[in-house]
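Now for the letters of each chain:
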Amino acid sequence: MSLARVVGHAEAAARLAHAAADGRVPAAVLLVGPAGIGKRTLADAFAARLLCAAPVAGGACGACAHCTRVGAGTHPDLHLVARDAERRDIRIEQVRGLTRWLALQPLMAARKVGVLDDAHCLSEQAQNALLKTLEEPPGAAVLVLVASSAALLLPTVRSRCQVVRLEPLPAAEVVRVLEASGVPAEQASQLAPLAEGSPGRALALAGEAEKRARALVLRDLPRLRELDADELSRTAQELARGALDAGLATALAWYRDVLETALAGDGAALRNPAAADDVRRAARRLSAAALLRQLEAVYDTIVALEKNANRMLAVETMLLSLRAIERGASAGASPWKSTR
């Protein structure tokens, strides 16, 4: 992957390309941005450029022996550290192994490149294990850290890195990434508004199970106040057994659409444009205070699930709370009286 071919983030890619071309590569680079936004793609393209034997304008050549090995994942001077799938943190043993590896001389290229993905998952102890390398970097090594938030790293780590911030992508560029990944154009256009500028988030919503979860949420949230206990329980079961992350993301998008329409009028850009009529009806019916409480209920459920709450119980509790807020708000004669 060439830096010039990274979709979006043109300014960040150009900054890294210029640093490599001018020989002013910092010993440590921190790429920061929301999850799924393309940080790892940019880190991989930067690593390829640093190791390439015959770089071209904007990035790696893609054809030399170094690029071939980078593409195959076998380059001896490229080392990736990532969080194990079953863990919430990066093990300190992984960090110590990386620092030992960085201290060695390159075997094939002019320098070594270490990529530390999910750096925000480093414990304080693991971050401290990095400090000696960051304070006294090996001359022939570059460390690229990838994190969703710089605030989750120690100030002593942040201050020793050159920070490159990646912003959410426009919807049109998210569509380009999705289409390049094989998502049909019509589906890509539907998913992009839901992505909040994150192609990774959009791709995570692209499967058939995710499509069913989105459809279920968009079917039931507009009529939530009318659902009886059995219907609500069936909805909770379907969501809990299916692509729950997609269902919760769609619920957040729904309430944001309704809130923004209530505040800004029918001209607000919608994340779910196919549900525009339902969104407008809900915006006329619900107050800002009620919608904020509903958003909070969905966020609380996401947090609870991250802490391993029971899926079925968490979703059913959320739906009961959302319905109670909906019915309470709908019972009022003038929901906007206290907010205008």
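In what follows, the structure referred to is the one given above.
From a predicted model like this one, the values you see are computed outputs, not experimental measurements.

So, how was this worked out
Residues numbered from 1 in each chain as written. Predicted model: local features only at pLDDT ≥ 70, side-chain atom pairs only at ≥ 80, totals over all residues. Heavy atoms only, no water. Core = buried A, V, L, I, M, F, W, Y, C linked by side-chain atoms within 4.5 Å. Buried < 20%, exposed > 50% of the residue type's maximum accessible area, 1.4 Å probe, protein only. Helix = DSSP H or I, 4+ residues; strand = E, 2+ residues; numbered from the N terminus. Contact = heavy atoms within 4.5 Å. Pairing = 2+ DSSP bridges. Right-handed = clockwise from strand over helix to strand, strands pointing away. 1 Å grid on protein atoms, 1.4 Å probe; cavity = no way out; pocket = protein on both sides within 12 Å on 5 of 7 lines; lining within 4 Å. Points joined across faces, edges and corners; volume = space filled by probe spheres on them.

Here is a general trend for soluble globular proteins: nonpolar side chains tend to be buried in one another's company. The biggest cluster of nonpolar side chains holds 52 residues, and the ones touching the most others in it are Leu191, Leu221, Trp254, Tyr255, Val298, Leu319 and Leu322. Elements represented by at least two residues in this core include exactly α7 (171–180), α8 (185–191), α10 (208–220), α11 (229–241), α12 (244–264), α13 (276–285), α14 (288–306) and α15 (311–331). When residues in this core are grouped by element, the largest group, 11 residues, is from α12. The residues touching leucine 221, leaving out its near neighbours within four places in the chain, are Ala251, Trp254, Tyr255 and Leu322. If you look at the next biggest cluster of nonpolar residues, it comprises 32 residues, including Ala17, Ala20, Ala48 and Val144.

Turning our eyes to something else, we now look at the pairing of strand β2 (residues 78–81). Sheet topology note: the β2/strand β3 (residues 112–116) ladder contains four bridges and is parallel. When the bridges of β3 are listed, leucine 78 appears paired with valine 113. What joins β2 to β3 is helix α4 (residues 92–102), and the crossover it makes is right-handed.

With phi around 55°, aspartate 118 is a residue other than glycine that occupies positive phi space. In this structure, aspartate 118 sits in the loop between β3 and α5 (124–135). Phi at asparagine 308 takes a positive value of approximately 70°, unusual for a residue other than glycine. Among the secondary structure elements, asparagine 308 is positioned in the loop between α14 and α15. Using a relative accessible area of 63% as the deciding quantity, one classes asparagine 308 as exposed.

Attention now moves to the side chain of threonine 133. By secondary structure assignment, the location of threonine 133 is in helix α5. In this structure, threonine 133 is in contact with Thr99, Leu102 and Pro138, ignoring residues within four places of it in sequence.

Taken as a whole and assessed by the stated rule, the structure comprises three cavities of 30 Å³ or more. Together, Leu216, Val217, Asp220, Leu221, Thr235, Leu239, Ala251, Met318 and Leu319 line the largest cavity. Every element with two or more residues in the lining of the largest cavity is listed here: α10, α11 and α15. Broken down by element, the residue count for the lining of the largest cavity peaks at three residues, all from α10.

Its volume calculated, the largest pocket comes out at about 1,100 Å³. Along the walls of the largest pocket sit 25 residues, with Arg201, Asp245, Ala249, Ile302 and Glu306 positioned nearest its centre. Going through the elements one at a time, α9 (199–204), α12 and α14 are the ones with two or more residues in the lining of the largest pocket. Among the elements that line the lining of the largest pocket, the one with the most residues is α12, at eight residues.

Okay, the environment of alanine 236 next. Following the sequence through the fold, alanine 236 ends up in helix α11. Classification of alanine 236 as buried rests on a relative accessible area of 0%. C-alpha of alanine 236 to C-alpha of alanine 4: the two residues are 232 residues apart in sequence and 45 Å apart in space. In contact with alanine 236, not counting residues within four places along its chain, are Met312, Val315, Glu316 and Leu319.

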